[in-house]
Amino acid sequence: SADAIDLLIYGPTKPVVNEGFPACYALHRCEQPADLDRLGDDIRARIRGVAVTGLVPTQAAMLARYPKLEIVSSFGVGYDHIDSSWAAQHNVVVTNTPDVLTEEVADTALGLLIATLREFVQADAHVRSGLWANQAYPLSKGSLRDRMVGIVGMGRIGQAIARRLDASLVPVVYHSRKPAPGVDYKHYPDLIAMAKAVDTLIVIIPGGASTLRLINAEVLAALGPRGVLINVARGSVVDEPALIAALQSGTILAAGLDVFADEPNVPDELRALPNVILLPHIGSASVVTRSAMDQLVVDNIKAWFDGKPPLTPIPETPVKGR
Ligand code: NDP
């Protein structure tokens, strides 16, 4: 109807999103960038909210096509795929989905760390291949028992990872730009100094320009030959060619990666290495957690058009003018 609230639903199909809005909303679904061009000018002029249902690039040129845009409700806690500075300049609120995924992603990080150290994936292959009948699986070179972990990023998820390491009796230190309020672990303002002091890095910081290839050859060399790198942040945070070289040469021992520089493309060199565990960006990807995230995408938009503050706006787009 003429007074419907028109929403663009952009990205992968999500039943929770498609079915989550009452009849006063008119939904316009575009899965692919090419679908956006098929939206008529009349509809484009009416769009007041965009739900971004996956990590699909949502840059200024895309957002600028909707002159009545008020809110971009983005799926995921990381929003490096959304042009939030354009949104801030144009008084458009951006929301993300923090908290509801924190414990799931921390579980993934700990599971990936232990699987990397104790070689669970390689050991599984040993059973499946029938080799077990001939020979015991060799002792793992790695163990959680003799390690100190440096967490890169001590925000919501970093702190949930640290709690799990506490329970596992593993000492924790961390690097971030500023000390995290209310956190007692030793803070290293200098990443290289921390990499020298520990043998394990778990990376859980935002992507984007300020963290681009933060984990570079120098950091990996500082981590040393017992070194293990776990990345559950963004692929952009690690210098991937430098990591491949460090794994090939024994500069570090092993890596567990949930994220890659050019997803879903994973370099052949990485896939050929025996000392890496590779996951297809599944940090939060369980039915229960993904459905909570999808619901929060819906609830932020509903709160906004009910005239309430959005539930989880990002700090770059404070709510004003309402
Ligand atoms: P928070 O915002 O709560 O924490 C971010 C942390 O990173 C803070 O400690 C912050 O401290 C630190 N940080 C930010 N920028 C830098 C920098 N340039 N150098 C060093 N440290 C930095 O975020 P969450 O814990 O909720 O999430 C973290 C990230 O994890 C998300 O942005 C997302 O990219 C990723 N993620 C990945 C998932 C996956 O599926 N693999 C799932 C969920 C999240 P300070 O500002 O003081 O530097």
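Please refer to the structure higher up on the page.
Here the structure is a predicted model, which is why all the values come from computation and not from measurement.

(A) Region of interest: the pairing of strand β6 (residues 149-152). Residue alternation in β6 divides its side chains into two sets, Val 149 and Ile 151 and Gly 150 and Val 152, and both sets are buried. Here four bridges tie β6 to strand β7 (residues 172-175), and the two strands are oriented parallel to one another. In the sheet register, Val 152 faces β7, and the bridge partner there is His 175. Where the polypeptide runs from β6 across helix α8 (residues 156-167) and back to β7, its parallel neighbour, the crossover connection is right-handed. In terms of strand pairing, β6 meets strand β9 (residues 200-203) through four bridges, oriented parallel. Residue pairing across strands places Val 152 opposite Val 203, the latter belonging to β9.

(B) Representation of the site of the ligand within the structure. The immediate surroundings of the ligand are formed by 25 residues, with Met 154, Ile 157, Arg 177, Val 232 and Asp 258 found nearest. Within the backbone of Arg 156, an N or O atom sits 2.9 Å from an oxygen atom of the ligand. Residue Lys 178 places a main-chain N or O atom 3.0 Å away from an oxygen atom belonging to the ligand. Considered on its own, the ligand offers 930 Å² of accessible surface; in the complex 87% of this is hidden by protein. Of the residues assigned to the shell around the ligand, the class counts are 10 nonpolar, 10 polar and five charged.

(C) Quick peek at the packing of aromatic side chains. A full pass over the atoms with the stated rule returns two aromatic pairs. When the ring of Phe 21 is compared with that of Tyr 25, the centres are 5.0 Å apart and the planes differ by 50°; the resulting orientation is tilted. Exposure remark for Tyr 25: the relative accessible area of 8% places this residue in the buried category. Clustering of aromatic rings is evident, with ring pairs tying together Phe 21, Tyr 25 and Phe 305. The ring of Phe 75 has Lys 14 sitting right over it, with the charged end atom 3.5 Å from the ring centre. When the ring centre of Tyr 188 is taken as origin, the NZ or CZ atom of Lys 186, which lies over that ring, is 4.8 Å away.

(D) Representation of unusual backbone geometry. Omega for the peptide link from Glu 263 to Pro 264 comes to 0°, which places this bond in the cis form. Position of Pro 264 relative to the elements: it lies in the loop between β11 (254-257) and α12 (268-272). Positive phi outside glycine occurs at Asp 99, with the angle close to 70°. Structurally, Asp 99 can be placed in the loop between β5 (93-95) and α6 (102-118). Despite not being glycine, Arg 213 shows a phi value in the positive range, around 50°. Residue placement: Arg 213 occurs in the loop between β9 and α10 (217-223).

(E) How the structure looks around the environment of Ala 246. Take Ala 246: it is sitting in helix α11 (residues 240-249). Residue classification places Ala 246 among the buried residues on the basis of a relative accessible area of 5%. The spacing of Ala 246 and Ala 217 is 29 residues in sequence and 7.5 Å in space, taken between C-alpha atoms. Not counting the four nearest positions on each side in its chain, Ala 246 is found in contact with Leu 220, Thr 251 and Ile 252.

(F) Spatial organisation of the pattern of salt bridges. Applying the stated rule across the entire model yields 16 salt bridges. One salt bridge connects Glu 103 with Arg 164, and the closest N-O pair in it is separated by 2.9 Å. Taken together, the positions of Glu 103 in helix α6 and Arg 164 in helix α8 put the pair 61 residues apart, joining distant regions of the chain. For Glu 103, a relative accessible area of 36% puts it in the partly exposed group. Owing to a relative accessible area of 19%, Arg 164 belongs among the buried residues under this scheme. Between Arg 164 and Asp 107 there is a salt bridge, with the nearest N and O atoms lying 2.7 Å from each other. Here Asp 107 lies in helix α6 and Arg 164 lies in helix α8, a separation of 57 residues in the sequence. In this structure Asp 107 comes out as partly exposed when scored by relative accessible area, which is 41%.

Calculation rules
Residues numbered from 1 in each chain as written. Predicted model: local features only at pLDDT ≥ 70, side-chain atom pairs only at ≥ 80, totals over all residues. Heavy atoms only, no water. Buried < 20%, exposed > 50% of the residue type's maximum accessible area, 1.4 Å probe, protein only. Helix = DSSP H or I, 4+ residues; strand = E, 2+ residues; numbered from the N terminus. Pairing = 2+ DSSP bridges. Right-handed = clockwise from strand over helix to strand, strands pointing away. Near = heavy atom within 4 Å. Polar contact = N/O pair within 3.5 Å; in protein donor to acceptor, adjacent residues only side chain to side chain. Areas by Shrake-Rupley, 256 points an atom, 1.4 Å probe, with all protein chains shown as cover. Nonpolar A, V, L, I, M, F, W, Y, C, P; charged D, E, K, R; others polar. Phe/Tyr/Trp six-rings, centres within 6.5 Å; stacked < 30°, edge-to-face > 60°. Lys NZ or Arg CZ within 6 Å of the ring centre and 35° of its normal. Contact = heavy atoms within 4.5 Å. Salt bridge = Lys/Arg side-chain N within 4 Å of Asp/Glu carboxyl O.

By themselves, these figures tell us nothing about what the structure is for.
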